[in-house]
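# Commentary on secondary and tertiary structure
Below, each chain spelled out in residue letters.
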Amino acid sequence: MIKLTIDDKEVEVREGTTVLEAAKKIGIEIPTLCYHEALTPYGACRICTVEIIRKGRSGLSTACTYPAQEGLEVKTSSKKVKKARKLILEMLLARCPNVKKIKDLAREVGIEKPRFKLDDQECILCGLCVRVCEEIVGVSAIGFVSRGTKREVTTPYKINSDICLGCGACAALCPTGAIKIEDIEDLRKIPIWHTELKRKKCRICGEFFAPEVEIDFLKKKNTQILEEFFETCPNCRRKEIGNKIVASC
Ligand code: SF4
Ligand code: FES
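Residues numbered from 1 in each chain as written. Chains lettered and ligands numbered in written order. Predicted model: local features only at pLDDT ≥ 70, side-chain atom pairs only at ≥ 80, totals over all residues. Heavy atoms only, no water.

### Regarding the overall build of the protein chain
Broken down by element type, the protein chain carries eight helices and eleven strands. In terms of its C-alpha atoms, the protein chain occupies a principal-axis envelope of roughly 65 × 50 × 30 Å. Looking at the protein chain residue by residue over its 249 residues, the buried ones come to 41%. For the protein chain, contacts bridging at least 24 residues in sequence account for 48% of all contacts bridging at least 6. Accessible area of the protein chain: about 14,800 Å², with a carbon and sulfur share of 52%. Each charge sign in the protein chain was given a centre, from 44 positive and 35 negative side chains, and these centres are 5 Å apart. (Helix = DSSP H or I, 4+ residues; strand = E, 2+ residues; numbered from the N terminus. Buried < 20%, exposed > 50% of the residue type's maximum accessible area, 1.4 Å probe, protein only. Contact = heavy atoms within 4.5 Å. Areas by Shrake-Rupley, 256 points an atom, 1.4 Å probe, with all protein chains shown as cover. Lys, Arg positive; Asp, Glu negative; His and termini not counted. Charge placed at Lys NZ, Arg CZ, Asp CG, Glu CD.)

Okay, structure coming up:
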């Protein structure tokens, strides 16, 4: 086990724990945008910046990627940290001046209007969508392209991805709402990924629900589950299970 101090509170954690996780353990909340506990930390947004004091030397680092170490002293809201976080938020707000989440975070540190040139992006390049697609869904339908100001997240060759399942895991994790899902009759559209997929019709209520390619993917991965399960929408599945429980009482 490792002992470190965060905001003057001592905490003991296992080797391999990050500073962010250690802080959480003692109830210290550090703001995050590109972090998710189920995914590999990426250190993209830098909003979790903290001050690390080690062997008398102090520096700034991202709490979500920094490993807890014996004797480390961490400050999560020192003058240095507040100044750095303010600048990061000012830059994010300049990039995404119309994204509510960013506006709210910026307002919390007193920024209404950034000093930098305004853009009109919705994506902050946090990479959560890329990581969830690769690490949890196991598909890698999207990725980063280009560098610098041209860097973006997109599908291969910026055309309709033939491997996107339309599962929506990316949209569920996107912190800014940049990924929109449109379910219209038998189609699921994800405009940002240039994706348009046919949806499956529920065998009970006749409503369209998940994309057919997603259902086929899940079927192949879960061969022990009955075919009927995949032909049924989540609402009807819940009702069927409920009815079975009532019938067996
Ligand atoms: S689309 Fe959303 S989840 Fe993906 S990188 Fe941009 S902000 Fe992050
Ligand atoms: S949450 Fe740590 S860098 Fe984004």
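Having seen it, we continue.
### With respect to the site of ligand 1
Around ligand 1, a shell composed of Cys123, Ile124, Leu125, Cys126, Gly127, Cys129, Val153, Cys174, Pro175, Thr176 and Ile179 is seen. In this structure, ligand 1 is accommodated by the second largest cavity. Class assignment for the residues of the shell around ligand 1 results in nine nonpolar, two polar and no charged. (Near = heavy atom within 4 Å. 1 Å grid on protein atoms, 1.4 Å probe; cavity = no way out; pocket = protein on both sides within 12 Å on 5 of 7 lines; lining within 4 Å. Sits in = over half its atoms within 2 Å of the grid points. Nonpolar A, V, L, I, M, F, W, Y, C, P; charged D, E, K, R; others polar.)

### Description of the layout of surface pockets
When its volume is computed, the largest pocket comes out at roughly 470 Å³. Around the largest pocket sit 15 residues that line it, and Met91, Leu92, Arg95, Ile124 and Leu125 are the ones nearest its centre. Of the residues that constitute the lining of the largest pocket, the class distribution is eight nonpolar, three polar and four charged. Both of domain 1 (2–77) and domain 2 (128–248) provide at least three residues apiece to the lining of the largest pocket. The volume enclosed by the second largest pocket comes to roughly 210 Å³. Taken together, 14 residues form the lining of the second largest pocket, with Gln121, Cys123, Glu152, Val153 and Ile192 sitting closest to its centre. Per element, the largest residue contribution to the lining of the second largest pocket is three residues, and it comes from strand β7 (residues 152–154). (Points joined across faces, edges and corners; volume = space filled by probe spheres on them. Domains from an automatic or database assignment.)

### What about the pattern of salt bridges?
Between side chains of opposite charge, a pair can form as their charged atoms come close. The final tally for this structure, using the stated rule, is 13 salt bridges. One salt bridge in this structure joins Glu90 and Arg115, with 2.7 Å as the shortest N-O distance. Of the two residues, Glu90 is situated in helix α2 (residues 79–95) and Arg115 in the loop between α3 (100–108) and α4 (128–137); the sequence distance between them amounts to 25 residues. In this structure Glu90 comes out as buried when scored by relative accessible area, which is 6%. Salt bridges sharing common partners tie together Lys100, Asp104, Arg107 and Glu112. (Salt bridge = Lys/Arg side-chain N within 4 Å of Asp/Glu carboxyl O.)

### A word on the sheet that holds strand β10 (residues 195–201)
Pairing in this open sheet of four strands is antiparallel, and the strands run β8-β9-β10-β11 from one edge to the other. Among the strands making up the open sheet, the edge pair consists of β8 (182–184) and β11 (208–211). Taking each pair of neighbouring strands and ignoring which way they run, the sheet shows an average axis angle of 35°. Sheet topology note: the β8/strand β9 (residues 187–190) ladder contains three bridges and is antiparallel. Within β9, the residue paired with Ile184 across the bridge is Leu187. In this fold helix α6 (residues 212–221) packs onto β10 and β11, with an angle of close to 65° to the strand it touches most, β11. (Pairing = 2+ DSSP bridges. Axes fitted to C-alpha atoms, helices over the stretch in contact; angles between N-to-C directions.)

### Notes on empty space enclosed by the protein
All chains considered together, the criterion is met by two cavities of 30 Å³ or more. Quantified by volume, the largest cavity comes out at close to 110 Å³. The wall of the largest cavity is formed by 15 residues, among which Cys133, Ala141, Cys164, Cys167 and Cys170 lie closest to the centre. Broken down by secondary-structure element, the contributors of at least two residues to the lining of the largest cavity are α4 and α5 (169–173).

### Digging into the packing of aromatic side chains
A full pass over the atoms with the stated rule returns two aromatic pairs. Their ring planes at 15° and their centres at 5.8 Å tell us that Tyr42 and Phe144 sit as a pair that is stacked. Taken together, the positions of Tyr42 in the loop between α1 (19–25) and β3 (49–54) and Phe144 in strand β6 (residues 143–145) put the pair 102 residues apart, joining distant regions of the chain. Taking relative accessible area as the criterion, Phe144 reaches 22% and is therefore assigned partly exposed. Seen from their ring centres, Phe229 and Phe230 are 5.4 Å apart, and the 85° between their planes marks the pair as edge-to-face. The partly exposed category is assigned to Phe229, whose relative accessible area is 36%. When its relative accessible area of 3% is taken as the criterion, Phe230 is described as buried. Above the plane of the ring of Phe144 lies Arg151, whose end atom (NZ or CZ) is 4.1 Å from the centre. Over the face of the ring belonging to Phe229 we find Arg237, whose NZ or CZ atom lies 4.1 Å from the ring centre. (Phe/Tyr/Trp six-rings, centres within 6.5 Å; stacked < 30°, edge-to-face > 60°. Lys NZ or Arg CZ within 6 Å of the ring centre and 35° of its normal.)

What is shown is where atoms sit, not what they do.
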